[in-house]
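A closer look at the structure
Spelled out, the chains give:
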2 protein chains.
Amino acid sequence: MAKIAILGFGTVGGGVLEVLRRNAAGVSRRAGEPVEVKYILDIRDFSAHPDAALFVKDLDTILADKEVSVVVETIGGTKFAYPYVRKALDSGRSVVTSNKELVATHGAELLALAKERGVAFLFEASVGGGTPVITPMHQCLAANVIDRVQGIVNGTTNFMLTKMARENMGFDQALKIAQELGYAETKDPGDDVDGPDACRKIAILASIAFGRHFYPKNIPTRGIRPITVGDIAAAARLDCVIKLIAWAKRDDEGRVTAGVEPMLVPKSNQLAGVDDVFNAVLVKGDMLGDVVFYGKGAGRLPTASAVVADVIDALKNGAAVHDSLFWQPSEPFEGLLEDPTPAACYVRVKGLPATVLPALYGEGELVSDDGAEAAYLASHISPAGLAEAKRKVDALGGSVRLVLRRLDD
Amino acid sequence: MAKIAILGFGTVGGGVLEVLRRNAAGVSRRAGEPVEVKYILDIRDFSAHPDAALFVKDLDTILADKEVSVVVETIGGTKFAYPYVRKALDSGRSVVTSNKELVATHGAELLALAKERGVAFLFEASVGGGTPVITPMHQCLAANVIDRVQGIVNGTTNFMLTKMARENMGFDQALKIAQELGYAETKDPGDDVDGPDACRKIAILASIAFGRHFYPKNIPTRGIRPITVGDIAAAARLDCVIKLIAWAKRDDEGRVTAGVEPMLVPKSNQLAGVDDVFNAVLVKGDMLGDVVFYGKGAGRLPTASAVVADVIDALKNGAAVHDSLFWQPSEPFEGLLEDPTPAACYVRVKGLPATVLPALYGEGELVSDDGAEAAYLASHISPAGLAEAKRKVDALGGSVRLVLRRLDD
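The following refers to the structure shown. The residue count restarts for each chain, going from 1 along the sequence in the order it is written. Chain A is the first chain written and ligand 1 is the first ligand written, with later ones labelled in order. Predicted model: local features are reported for residues with pLDDT of at least 70 only, side-chain atom pairs are reported and counted for 80 or more only, and whole-chain, interface and lining totals are derived from all residues. Where side-chain values are given, they derive from all heavy atoms of the structure, hydrogens and water being excluded.

With that settled, consider the sheet that holds strand β15 (residues 399-405) of chain A. All names here are of chain A. As summarised here, the arrangement of the four strands in space is β13-β14-β12-β15, forming an open sheet in which the pairing is antiparallel. Across the chains shown, the open sheet's two edge strands, defined by having one partner strand only, are β13 (364-369) and β15. This sheet shows a mean twist of 20° between the axes of neighbouring strands, independent of strand direction. Relative to strand β14 (residues 373-381), strand β12 (residues 343-350) runs antiparallel, the two sharing seven bridges. Note that in β14 the partner of Tyr-346 across the bridge is Leu-377. By definition, residues are in contact when any of their heavy atoms lie within 4.5 Å. Note on geometry: axes are lines fitted to C-alpha atoms, helical ones only across the stretch in contact, with angles between N-to-C directions running from 0 to 180 degrees. Going along the chain from the N terminus, every DSSP run of H or I of four or more residues is numbered as a helix, and every run of E of two or more is numbered as a strand. Contacts from helix α14 (residues 383-395) reach β12, β14 and β15 within the one sheet, and its direction differs from that of β15 by about 160°. Between any two strands, pairing holds if DSSP finds at least two bridges.

Structure below.
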């Protein structure tokens, strides 16, 4: 009988308890022994809960119990999660977490600590919710060198963009619906709509793919607030959809660039058909080519089922997983991992006649022009070219309202 | 240093050697030790090959060498592969194979033998080529009960159907192109176009999902020969595409049904956008919902990279994987695992006036009528209803040329 503890009895923590109980037979067979929750740590009062006897308020109670072999962290944030996870690993317990902020900030350090103590630190549920991405990436692609990862990793913004496209709806209205459905936070939806959530996830995937720690602060990140119904219609005329894409790639010289940005995605691209709250991650291996992992991202039981799969993995394989799931520490630096490669770019400019755009952005095609604003698809322009064009637009008294690069294969 | 042997130096076997050498550093790190090919078994003459020294003609030479810990089987078929794999497992070696016929025919027995001998029997490359499907299914979905698996698992037919749809081309011409490109066999393309290849793959996936051996002979299997350009155009008018779908599902009472058949796939379905030689497998877990694994199926290096990932897994985890990757033996029976559920069905009937179709097939809509043949979409009809309608069509002097069920979510 394996005994585990859950830290934080919120949505995911509660789901872990439920999944373990509902699918106890399958979990027990695969883990090689039954798996039982012995403690739940939560500072709130659960004295009326049917499992009241499991609740404790002090981590040391859990760590003092030699029977506990795996600790599940579902508190979120880093304030408590970080010291608790360190302590648990340091005490020789494997840790499973769904906490992307923790992994994106302290992943390298916690992996090294786990390896040193001979235990596992696993976090499949931190990216893609329940959809398997991390395990297939490091295990099934073990014979590949990974050159590129790109995907739709934030379900909230993908739901909103789908809604905007299908129902001809503006950003504000789509956000309101996402909030009503509980997909976006009511107080401050910025973590989703401005990109930080996607940024943490691509930081984790880049760290796995390229073998050293990448920090969210070094990844250029833009969200979907400036996208209008007009932009979506213009994209459709270009046979594209607009998606918030998180990407990371390594060039032939080993230089890594990464970003989170709304992009034009050609309808022929596999990511173009990923709608609603679904997530999809494309991984390119040097032997395998492109593979895509696709599924509904978040949700209580999907996420919890990924946590439980990691618990089984930790019980069965322990630290051995870190020969494969591991990356080196690195220091955050000043600056951004910006992609210098030229690309086709959609630009929307206000307050200038459309006729000046070819002179500013080079060869391309006029996509729309309502007199006040004009949209132009530049065929091939570098970030430096875009910056230069922006200076000229400003000097002429206009303003650049939106830039979307096109995602090409 | 881990030593392995490769049985059969064809396309995949040669690819395994190449992948191991090209990505030696990553393989060595993940396996925890370098991995070296010590023997290659092949009855053909490779005396002029740069690695001539590795070639042997007798399995016993390999099994007599205690250093060999993993045997890779890439011979294909079962005549030699089956006794060789049995012998290798029996001698305490882990075996990795890409051979779907072997696994679909003898999987349960070989898994039991591996477990008994404390070694691993792995076969990720038998389904989806290099695309990870089997490992995510049993490992990442370990906390789920799987209710359904369905997918596009034969790249050749998917290439042909894509070609037919995009270029308005008949079956024969599409087959000719597939043969010229090496996607279909020249002598007898039946293994792909009539469905047996897809049937073996869904037999393997059903066995993993539902925990007991399912035999190809019990899975109703139809191929794509009767599909015409007219059918594809008719499907498009119904907002569908035609795909060869391999599926297996378990109902609430635990009864498993399965099949391989061309189906109408609504364009909104995630499988509808899977084109060319790409494969995709959708797995439905009770906690997780739908996940899809998508990638280019076959190919020398993609398939070999999946074999090498299994070699690493075998070296690191050995028999422990079989707590999760395992199914019970069962006897093949007479009969078919046919789905009795009513579905929307496209039928094409020759030699009868279109006006009689509603009386035969119930409520529905006429899709096309060129005077000689008429196509009709029945809204809701069971297999028994279809059989009854066919008897009536025959009695009236007509003939049923095609039946396609619609894949619904």
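The discussion continues.
Here we come to the nonpolar core. Counting 250 residues, the largest nonpolar core has Phe-121, Phe-123 and Tyr-346 of chain A together with Phe-121, Phe-123 and Tyr-346 of chain B as its most contacted members. Apart from residues no more than four positions distant in its own chain, Tyr-346 of chain B is found in contact with Gly-230, Asp-231, Ala-234, Leu-238, Leu-264, Val-367, Ala-375, Tyr-376, Leu-377, Leu-402, Val-403 and Leu-404 of chain B. Ranked by size, the runner-up nonpolar core spans 28 residues in total, among them Leu-271 of chain A together with Ile-152, Met-263 and Val-292 of chain B. For the purposes of this section, nonpolar cores are sets of buried Ala, Val, Leu, Ile, Met, Phe, Trp, Tyr and Cys residues that join through side-chain atoms within 4.5 Å. The buried label applies to any residue whose accessible area, calculated with a 1.4 Å probe on protein chains only, is under 20% of its type's maximum; exposed applies above 50%, and partly exposed to all values in between.

Attention now moves to the pattern of salt bridges. For this analysis, a salt bridge means a side-chain nitrogen from Lys or Arg found within 4 Å of a carboxyl oxygen belonging to Asp or Glu. For the structure on display, the rule yields 71 salt bridges over all chains. For Asp-290 of chain A, the salt bridge is made with Lys-284 of chain A, and the minimal N-O distance between the two is 3.3 Å. Its relative accessible area of 24% is what places Asp-290 of chain A among the partly exposed residues. Using a relative accessible area of 27% as the deciding quantity, one classes Lys-284 of chain A as partly exposed. Residue Arg-44 of chain B is joined to Asp-42 of chain B by a salt bridge in which the shortest nitrogen-to-oxygen separation is 2.9 Å.

With that settled, the discussion passes to the relation of the copies chain A and chain B. To superpose the copies, least squares is applied to the C-alpha atoms of every residue with a pLDDT of at least 70 in both. Once turned by 180° and shifted 0.0 Å along the axis, chain A lies on chain B with an RMSD of 0.0 Å. Classification of the inter-copy transformation places it as that of a two-fold axis. The C-alpha atom lying nearest the rotation axis in chain A is that of Phe-293 of chain A; the distance is 2.5 Å. An overlap of 100% is found between the interface residues of chain A and their copies at the interface of chain B, pointing to a shared contact surface.

Moving on, we get to helix α11 (residues 229-237) of chain B. Residues and elements named next belong to chain B. The complete set of buried residues in α11 reads Asp-231, Ile-232, Ala-234 and Ala-235. Around the axis of α11, the buried residues are gathered within 160° of arc, so they sit on the same side. Among the structural elements, α7 (155-167), β8 (240-250), β9 (256-266), β12 (343-350), β13 (364-369) and β15 (399-405) are those in contact with the buried residues of α11. Backbone geometry just after α11 places Asp-239 at a positive phi near 60°. Here the arc refers to the set of directions running from the helix axis out to each C-beta atom.

All right, on to the sheet that holds strand β3 (residues 55-56) of chain A then. Residue and element names in this part refer to chain A. One open sheet holds the six strands; their spatial order is β3-β2-β1-β4-β5-β6, and the pairing between them is parallel. With one partner strand each, in any of the chains shown, β3 and β6 (121-122) form the two edges of the open sheet. Where strand β4 (residues 68-73) lies against strand β5 (residues 94-97), four bridges are found, and the strand directions are parallel. Following the sheet pairing, Glu-73 is matched in β5 by Thr-97.

Among all residues except glycine, the phi angle is most often negative; among peptide bonds, the trans geometry is most common. A positive phi is found at Asp-239 of chain B, a non-glycine position, where the angle reads about 60°. One non-glycine residue with positive phi stands out, namely Asp-276 of chain B, at about 55°.

Residues and elements named next belong to chain B. Mapped onto the fold, Arg-405 is located in strand β15. Engagement of the side chain of Arg-405 in a polar contact is seen with the side chain of Asp-339, the distance being 3.2 Å. In this structure, Arg-405 is in contact with Trp-247, Glu-261, Pro-262, Met-263, Leu-264, Asp-339, Thr-341, Ala-343, Ala-344 and Cys-345, ignoring residues within four places of it in sequence. Under the rule applied, a polar contact is a pair of N or O atoms within 3.5 Å (in protein, one hydrogen donor and one hydrogen acceptor; residues adjacent in sequence only if both atoms are side-chain atoms).

All names here are of chain B. Of all eight residues in β12, seven are buried, a share of seventy percent or more. Direction of pairing for β12 relative to β15: antiparallel, over a ladder of six bridges. In the sheet register, Arg-348 faces β15, and the bridge partner there is Leu-402.

Further remarks concern the packing of aromatic side chains. Only rings of Phe, Tyr and Trp enter the pairing, Trp through its six-membered ring, and a pair is recorded when the two centres are within 6.5 Å. The plane angle decides the type: under 30 degrees is stacked, over 60 is edge-to-face, the rest tilted. Evaluation of the coordinates by the stated rule reveals 19 aromatic pairs over all chains. Seen from their ring centres, Phe-278 of chain A and Tyr-294 of chain A are 5.1 Å apart, and the 5° between their planes marks the pair as stacked. Residue Phe-278 of chain A is located in strand β10 (residues 278-285), and its partner Tyr-294 of chain A is located in strand β11 (residues 289-296); the two are separated by 16 residues in the primary sequence. Summarising the burial analysis for this pair, Phe-278 of chain A and Tyr-294 of chain A share the class buried. Considering the side-chain rings of Phe-9 of chain B and Phe-46 of chain B, the 5.4 Å spacing of their centres and the 90° angle between planes classify their relative orientation as edge-to-face.

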